[in-house]
Amino acid sequence: MMKNFAAALAVTGAAVAATGAMAQSEYPERPITMVIPLGAGGSHDLNARVITSIIPTYLEQAVIVRLTPGAGGQLGTQEVANAPADGYTLLFTHNYIDMLQQHVENLPYNPAEDFVTVARVNYAPIAVAVNADSPYETMDDLIAASRENPGGIQMAHSGNWGALFVPAAQFMQSLDMQWNLVPYQGGGPALQALLAGDADVTMGFPSSLGSHLEAGTIRILATAGPERIYDDVPTFEEVGVEGDVGFMHRVVLAPAGTPEDALATLREAFEALGEDTTFTRMMGRLGENIDIITGDEYEAMRADQSVAYEALVNQLTSQ
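Scoring rules and cut-offs
Residues numbered from 1 in each chain as written. Predicted model: local features only at pLDDT ≥ 70, side-chain atom pairs only at ≥ 80, totals over all residues. Heavy atoms only, no water. Helix = DSSP H or I, 4+ residues; strand = E, 2+ residues; numbered from the N terminus. Buried < 20%, exposed > 50% of the residue type's maximum accessible area, 1.4 Å probe, protein only. Contact = heavy atoms within 4.5 Å. Pairing = 2+ DSSP bridges. Expected span 1.5 Å × (residues − 1). Arc of directions from axis to C-beta. 1 Å grid on protein atoms, 1.4 Å probe; cavity = no way out; pocket = protein on both sides within 12 Å on 5 of 7 lines; lining within 4 Å. Points joined across faces, edges and corners; volume = space filled by probe spheres on them. Nonpolar A, V, L, I, M, F, W, Y, C, P; charged D, E, K, R; others polar. Axes fitted to C-alpha atoms, helices over the stretch in contact; angles between N-to-C directions.

## Description of the environment of Ile97
Next up, step 1: Here Ile97 lies in helix α5 (residues 95-100).
Next up, step 2: On the accessibility criterion, Ile97 (2% relative accessible area) is buried.
Next up, step 3: Separated by 20 residues in the primary sequence, Ile97 and Thr77 have C-alpha atoms spaced 8.5 Å apart.
Next up, step 4: If we skip the residues at most four places from it in the chain, Ile97 touches Pro37, Leu38, Gly72, Gly73 and Thr77.

Here it is in structure tokens:
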């Protein structure tokens, strides 16, 4: 009898201890994986290296980057959509993959229903770039050559209906010219195609173009935004491309159903990241801004983007 009582007491004690351990456990208990649905060397890859070097300070866990390029970003996005909604697998993507592709492709996931916002990290204006030894000294040179030889200019982009493809399509429509749009698995591979001489022109963002501009291997012909970024380079509007063209939002999403406490922890960490002086300095070296928006505020922006992109797709495909 005493032996049975002692055994029961031991089991009860173990159960209490286990319950106590569970009560004390807090998210995250192990490293978090951040999936990028794009190739190496692009602006998302470069931004992620900075983010994941600092944000472990606030999460007390490592954040591991996994590049999963393919199908214009759909491969990596589907990977996260199918992942357990436990806060340990996140998606680092952008607004074109997130909210535009659904209007042109039959996606294996529903972006509005399958993901929730952790944080919008920043936004970036795109630039038109050619090789430093390109015969096109100015945007006017490139426009003239494109009109003279429709389809003869090879434009490297990061995937159909992605962050480089969409502004290129808007350029062609606004300027009445035609490029041959060649897809690569992300902005990094597209830039490498330009540097290798396999493409005549590409587009890119400050973090991916900056070092090449400093090294003198590329030339910038035009940039997005209302103000000039470089004194001697015109804006899109100045070369005849008006409207909201060429802005990319970099955003971290989680699978829908992720526990609210995990989302709250992640959002607090990104808000703290936005105030971190080391992070600010490192992003400044990349030429990138910081503008953290979390939760419902960016969810409202996603809804607006979807409406705007559906209209844009109808406009671009109705020609």
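## Quick notes on the pairing of strand β4 (residues 115-125)
Next up, step 1: Burial of β4 is extensive: nine of the 11 residues sit out of reach of the surface.
Next up, step 2: As judged from the nine bridges shared by β4 and strand β10 (residues 247-255), these two strands associate in the antiparallel manner. Bridge pairing in β10 places Thr117 opposite Leu253.
Next up, step 3: Pairing between β4 and strand β11 (residues 293-294): two bridges, direction antiparallel. Residue pairing in the sheet places Ala119 in a bridge with Thr294 of β11.

## Some thoughts on helix α11 (residues 260-275)
Next up, step 1: The end-to-end C-alpha distance of α11, which contains 16 residues, comes to 23 Å, matching closely the 22 Å that a straight helix rising 1.5 Å per residue would cover.
Next up, step 2: Buried within α11 we find Ala262, Leu263, Leu266, Arg267, Ala269, Phe270, Leu273 and Gly274. All buried residues of α11 lie within an arc of 160° about the axis, which places them on one face of the element. The outward face of α11, more than 90 degrees from its buried face, is lined by the exposed residues Glu260, Asp261, Glu268 and Glu275.

## Examining empty space enclosed by the protein
In this approach the atoms are scanned with a rolling probe the size of a water molecule, which exposes any empty space left behind.
Next up, step 1: The final tally for this structure, using the stated rule, is four cavities of 30 Å³ or more.
Next up, step 2: As for the largest cavity, its lining consists of 20 residues, and the residues nearest its centre are Gly42, Ser43, Gly187, Gly188 and Phe205.
Next up, step 3: For the lining of the largest cavity, the secondary structure elements donating two or more residues are α2 (43-54), α9 (187-195), β8 (201-204) and α10 (206-215).
Next up, step 4: Looking at side-chain class alone, the lining of the largest cavity contains eight nonpolar, 11 polar and one charged residues.
Next up, step 5: The calculated volume of the second largest cavity comes to roughly 50 Å³.
Next up, step 6: Taken together, Pro125, Ile126, Ala127, Gly204, Phe205, Pro206, Leu209, Ile220, Thr223, Ile229 and Tyr230 make up the lining of the second largest cavity.
Next up, step 7: Taken together, the elements giving at least two residues each to the lining of the second largest cavity come down to α10 and β9 (218-223).

## What to know about the environment of Leu59
Next up, step 1: As for its position among the elements, Leu59 is in helix α3 (residues 56-59).
Next up, step 2: Classification of Leu59 as buried rests on a relative accessible area of 5%.
Next up, step 3: Beyond its immediate stretch of four places on either side in the chain, Leu59 contacts Pro28, Ile32, Thr265, Leu266 and Ala269.

## Brief notes about the sheet that holds strand β5 (residues 127-131)
Next up, step 1: An order of β7-β6-β8-β5-β9 is seen for the five strands of this open sheet, with the pairing classed as mixed. Taken across any chain shown, the strands that pair with only one partner, and hence form the sheet edges, are β7 (180-183) and β9. Here the average twist between neighbouring strands, direction ignored, is 30°.
Next up, step 2: Relative to β9, β5 is paired through five bridges, and the arrangement is antiparallel. Residue pairing in the sheet places Asn131 in a bridge with Ile218 of β9.
Next up, step 3: Sitting on the sheet, helix α7 (residues 139-148) touches β5, β8 and β9, and the angle it makes with β9 is about 85°.
Next up, step 4: Each of β5, β8 and β9 touches α10; the most contacted strand, β9, lies at about 130° to it.

## Observations regarding unusual backbone geometry
Next up, step 1: A cis amide bond links Tyr27 with the next residue in sequence, Pro28, at an omega value of -5°.
Next up, step 2: Relative to the helices and strands, Pro28 is located in the loop between α1 (2-24) and β1 (32-36).
Next up, step 3: Even without a glycine there, the phi angle at Glu60 is positive, about 60°.
Next up, step 4: Mapping Glu60 onto the fold places it in the loop between α3 and β2 (63-67).
Next up, step 5: Backbone geometry places Trp161, a non-glycine residue, at a positive phi of 60°.
Next up, step 6: Position of Trp161 relative to the elements: it lies in the loop between β6 (154-157) and α8 (165-175).

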